[in-house]
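One letter stands for each residue in the lines below.
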Amino acid sequence: METQTTDLVIHKSVRVRISQEAAFRLFTEGIGTWWPAITHSVAASAETRAGMDAAVGGEIYELSPTGRVTWGTITEWDPPNGFAATWHPGDGAELATRWSVRFVAEGPQATRVELEHAGWEVHGTEAQERFQGYLVGWDPVLGRFVERAGG
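Throughout what follows, the structure given in this document is the object of discussion. (Residues numbered from 1 in each chain as written. Predicted model: local features only at pLDDT ≥ 70, side-chain atom pairs only at ≥ 80, totals over all residues. Heavy atoms only, no water.)

## Considering the layout of surface pockets
Part 1: Roughly 260 Å³ of internal volume is contained in the largest pocket.
Part 2: Taken together, 20 residues make up the lining of the largest pocket; nearest its centre are His-40, Trp-87, His-88, Pro-89 and Tyr-134.
Part 3: Element by element, the count of residues in the lining of the largest pocket is highest for helix α3 (residues 127–148), at 6 residues.
Part 4: Its residues assigned to classes, the lining of the largest pocket comprises 10 nonpolar, 8 polar and 2 charged. (1 Å grid on protein atoms, 1.4 Å probe; cavity = no way out; pocket = protein on both sides within 12 Å on 5 of 7 lines; lining within 4 Å. Points joined across faces, edges and corners; volume = space filled by probe spheres on them. Helix = DSSP H or I, 4+ residues; strand = E, 2+ residues; numbered from the N terminus. Nonpolar A, V, L, I, M, F, W, Y, C, P; charged D, E, K, R; others polar.)

## A look at the packing of aromatic side chains
Part 1: Within this structure, the stated rule accounts for 21 aromatic pairs.
Part 2: Seen from their ring centres, Phe-27 and Phe-145 are 5.1 Å apart, and the 65° between their planes marks the pair as edge-to-face. Of the two residues, Phe-27 is situated in helix α1 (residues 20–28) and Phe-145 in helix α3; the sequence distance between them amounts to 118 residues. Neither Phe-27 nor Phe-145 differs from the other in exposure class; each is buried. (Phe/Tyr/Trp six-rings, centres within 6.5 Å; stacked < 30°, edge-to-face > 60°. Buried < 20%, exposed > 50% of the residue type's maximum accessible area, 1.4 Å probe, protein only.)

## Observations regarding the pairing of strand β8 (residues 111–118)
Part 1: In terms of burial, β8 is largely enclosed, as 6 of its 8 residues are buried.
Part 2: Judged from the 7 bridges that link them, strand β2 (residues 9–16) and β8 form a sheet pairing that is antiparallel. The partner of Val-16 across the bridge, within β8, is Thr-111.
Part 3: Pairing of strand β7 (residues 97–105) with β8, which is carried by 8 bridges, proceeds in the antiparallel orientation. Note that in β8 the partner of Ser-100 across the bridge is Glu-116.
Part 4: Linking β7 to β8, which pair antiparallel, is a turn of 5 residues; within it Gly-107 sits at a positive phi near 135°. (Pairing = 2+ DSSP bridges.)

Geometric descriptors of this kind do not, in isolation, establish any biological role.
Below you can see the structure in the form of structure tokens.
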């Protein structure tokens, strides 16, 4: 996994041994099969599952025994090349950051997945702390995605 930071922008990159189309589908339609919701969700429950509505204006969300919680809203949808969304799990939409994921084919059965997460300034004095949490927090999330994609 590669990590780069520029000011308060997180750049992560992983490679998976599946096609661009399969990587996009797994990341989006299959998010509930790999997202580590027990450690990376608002409810932090074993019964929590992540989900994604596949269209601009759709939501990224969690479903738990206590209900549905919106994590963000899809702002760009370009299968199988990528998507972008706002991001505010546990916060109101006014505190949303922005993230995007791009899927770059590196052959018929190899894809580089590039994540960028920015917009931390909305958190004011907490921006650096939240940035640092996500800088580390994206690693196990993307690690689970790579694992689910077959390593």
